[in-house]
Amino acid sequence: MREAYLYEKLEGNRVRCLLCGHGCLIKDGSKGICGVRENHGGILTTLVYGKVIAMHVDPIEKKPLFHFLPGSRSYSIATVGCNFRCRFCQNSDISQMPSDHNRIMGDDISPVNIVKIAKESRSSTIAYTYTEPTIYYEFAVDTARLAVKEGLRNIFVSNGYMTDGCLTDIHPDLHGINIDLKAFSEKFYKDQCGAKLEPVLNSIKKARGLGIWVEVTTLLIPGLNDSDGELKDIAGFLAGVDPDIPWHISRFHPTYRLTDRSPTSPEDIHRAKDIGRSSGLKYVYTGNLPGDDGEKTFCHGCGELLIDRYGYSIRKFSITDGRCSKCNAEIPGVWK
Ligand code: SF4
């Protein structure tokens, strides 16, 4: 247990957490919505510093980040906890452990050792992922700062609910982020996630404005966020922020508390992809459809196949110095 970053002390030993859009007002002895930040006598503490519940070497394509060091390894870590309550969470056993089971678990490991192991694994990046990195911010940012000193880069896989203050604080040491834009309606965010839409839209704009490489993922859930109108709203918003932002449209499978509907059909994934392209986005990808053409990167200028992916493996790479090897168009991304 150690003192949290980014909070303010208030009268009567209360504190306000400034990490995420919930802005929890926490009285002495209570926790915030994420269940991993607790007020002890007017001091906000983090209960998950160094308590690592998952550690894996992943291909960066798994995050997914398709325009950020393709083919590289990403040392991926998580603690338990989340500030969302997504009914369709694919990692609910660890993300919802504090709220569903009132339990915090994890192996103690220091930022120094995370960076050491990441380097030994020949990873190029450390990914803060699986659960929501914002809620273990102190551990993430301490690790990220050390990682940069050791020549590694850092990426977040996030629901995008962090505050501007949080993004501004970490941004010199955060190089890439995949943000879930789960829908484009307040109703969806309230009913399905226990959150609001607006802070997520703000984080996408803010991260891009700070120069962090941004990709966005939408899990397409039948009957909940898959109408043409909603998909046009998502794609139009992203194209308005920056048409270079890659948009990943991922296939839903029933899980956790959302088991009353079928997996997304490939036809609907392709319909969403077409909407993304016709809305002006240069790079729209399909996810959870192994072998689909939507996994591949084609030059937005001439249509040349630049990165041939199958699942997480890369079979062809045809970008030279950030440019299409055929028409020389600049391909947005972080390539070296
Ligand atoms: S991180 Fe978010 S949910 Fe957790 S205490 Fe802070 S404001 Fe509340």
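Calculation rules
- Residues numbered from 1 in each chain as written.
- Predicted model: local features only at pLDDT ≥ 70, side-chain atom pairs only at ≥ 80, totals over all residues.
- Heavy atoms only, no water.
- Pairing = 2+ DSSP bridges.
- Helix = DSSP H or I, 4+ residues; strand = E, 2+ residues; numbered from the N terminus.
- Buried < 20%, exposed > 50% of the residue type's maximum accessible area, 1.4 Å probe, protein only.
- Right-handed = clockwise from strand over helix to strand, strands pointing away.
- Core = buried A, V, L, I, M, F, W, Y, C linked by side-chain atoms within 4.5 Å.
- Contact = heavy atoms within 4.5 Å.
- Polar contact = N/O pair within 3.5 Å; in protein donor to acceptor, adjacent residues only side chain to side chain.
- Salt bridge = Lys/Arg side-chain N within 4 Å of Asp/Glu carboxyl O.
- Axes fitted to C-alpha atoms, helices over the stretch in contact; angles between N-to-C directions.
- Parallel < 35°, antiparallel > 145°, perpendicular 65-115°, else oblique.
- Left-handed = near helix turned anticlockwise from the far one by under 90°.
- Nonpolar A, V, L, I, M, F, W, Y, C, P; charged D, E, K, R; others polar.

Asker: So what exactly am I meant to see when it comes to the sheet that holds strand β19 (residues 313-317) here?
Answerer: Strand-to-strand pairing in sheets goes through backbone hydrogen bonds, with the strands running parallel or antiparallel. The three strands lie next to each other as β17-β18-β19, forming an open sheet whose pairing is antiparallel. Both edges of this open sheet fall to β17 (297-298) and β19, since each of them pairs with a single strand only. As paired elements, strand β18 (residues 305-310) and β19 share four bridges and run antiparallel to each other. Opposite Ile307, over in β19, you have Phe317 as the bridge partner.

Asker: Is there a simple way to explain the pairing of strand β16 (residues 284-287) in this structure?
Answerer: Taken residue by residue, a regular strand's side chains alternate between the two faces of the sheet. On β16, burial covers both faces: Val284 and Thr286 on one face and Tyr285 and Gly287 on the other are all buried. Direction of pairing for strand β15 (residues 247-251) relative to β16: parallel, over a ladder of four bridges. Bridge pairing in β16 places Ser250 opposite Gly287. The parallel pair β15 and β16 is bridged by helix α9 (residues 266-278), and the resulting crossover is right-handed.

Asker: What exactly am I supposed to notice about the nonpolar core here?
Answerer: Most often, soluble globular proteins have nonpolar side chains that are buried together. Formed by 85 residues in total, the largest nonpolar core has its most connected members in Leu181, Tyr189 and Trp247. Ignoring anything within four residues of it in the chain, the contact list for Tyr189 reads Phe84, Asp180, Leu181, Lys182, Ala183, Gly194, Ala195, Lys196, Leu197 and Val200. Formed by 11 residues, the second largest nonpolar core is a distinct cluster that contains Phe66, Tyr285, Cys324 and Trp335.

Asker: I keep staring at unusual backbone geometry and nothing clicks. Help me out?
Answerer: Negative phi values dominate among residues other than glycine, just as trans dominates among peptide bonds. In the segment running from Lys63 into Pro64, the intervening peptide bond is cis, with an omega of -5°. One can find Pro64 in the loop between β8 (54-59) and β9 (73-78). Backbone geometry places Arg122, a non-glycine residue, at a positive phi of 60°. Within the secondary structure, Arg122 sits in the loop between α3 (111-120) and β11 (125-128). On the basis of relative accessible area, Arg122 is assigned to the exposed category, the value being 63%. Positive phi, normally seen in glycine, also occurs at Tyr130, with a value near 70°. You can see Tyr130 is positioned in the loop between β11 and α4 (137-149). Residue classification places Tyr130 among the buried residues on the basis of a relative accessible area of 19%.

Asker: Mind showing me how you'd approach the side chain of Thr217 here?
Answerer: As for its placement among the helices and strands, Thr217 is situated in strand β14 (residues 213-220). Exposure remark for Thr217: the relative accessible area of 10% places this residue in the buried category. A polar atom in the side chain of Thr217 sits 3.0 Å from the side chain of Asn178. The residues contacting Thr217, other than those within four sequence positions of it, are Pro64, Asn178, Ile179, Asp180, Leu181, His248 and Ser250.

Asker: Which parts of the structure should I look at to understand the pattern of salt bridges?
Answerer: Opposite charge on two side chains allows them to pair when their charged atoms are near. Evaluation of the coordinates by the stated rule reveals 21 salt bridges. A salt bridge links Arg271 to Asp228, with the shortest nitrogen-to-oxygen separation between them at 2.5 Å. You can see Arg271 sitting in helix α9 and its partner Asp228 sitting in helix α8 (residues 228-241), a full 43 residues away along the chain. In this structure Arg271 comes out as partly exposed when scored by relative accessible area, which is 25%.

Asker: When you look at the sheet that holds strand β6 (residues 43-46) in this model, what are you seeing that I'm missing?
Answerer: Here three strands make up an open sheet; going across it, the order is β1-β6-β5 and the pairing antiparallel. Two strands in the sheet have a free side with no partner beyond their single neighbour: β1 (2-3) and β5 (37-40). Note: β5 against β6, four bridges, orientation antiparallel. Bridging across to β6, Glu38 finds its partner in Thr45.

Asker: Looking at this structure, I do not really get the environment of Pro64. What am I missing?
Answerer: According to the relative accessible area criterion, Pro64 is buried, its value standing at 17%. In this structure the C-alpha to C-alpha distance between Pro64 and Gly287, which are 223 residues apart in sequence, comes to 8.6 Å. Aside from chain neighbours lying at most four places away, what touches Pro64 is Asn178, Glu215, Thr217 and His248.

Asker: Sorry, what's going on with the packing of α3 against α4 here?
Answerer: When two helices pack together, their arrangement is given by the angle between the helix axes and by the axis-to-axis distance. Two elements in contact, α3 and α4, have axes separated by 9 Å at closest approach and are oriented at 50°. Accordingly, the angle class assigned to the pair α3 and α4 is oblique. Considering how the two elements wind past one another, α3 and α4 form a crossing that is right-handed. Residue-level inspection shows Pro111, Val112, Ile114 and Val115 of α3 in contact with α4, the latter providing Phe139, Asp142, Thr143, Leu146 and Ala147. Residues of the contact of α3 with α4, tallied by class, amount to seven nonpolar, one polar and one charged.

Asker: Quick question: what am I supposed to make of the side chain of Thr218 here?
Answerer: Looking at the secondary structure, you find Thr218 in strand β14. From its side chain, Thr218 meets the backbone oxygen of Leu181 in a polar contact 2.8 Å long. Every residue in contact with Thr218, bar those within four places of it in the chain, is listed here: Leu181, Lys182, Asn225, Ile234, Trp247, His248, Ile249 and Ser250.

Purely geometric numbers; function is a separate question.
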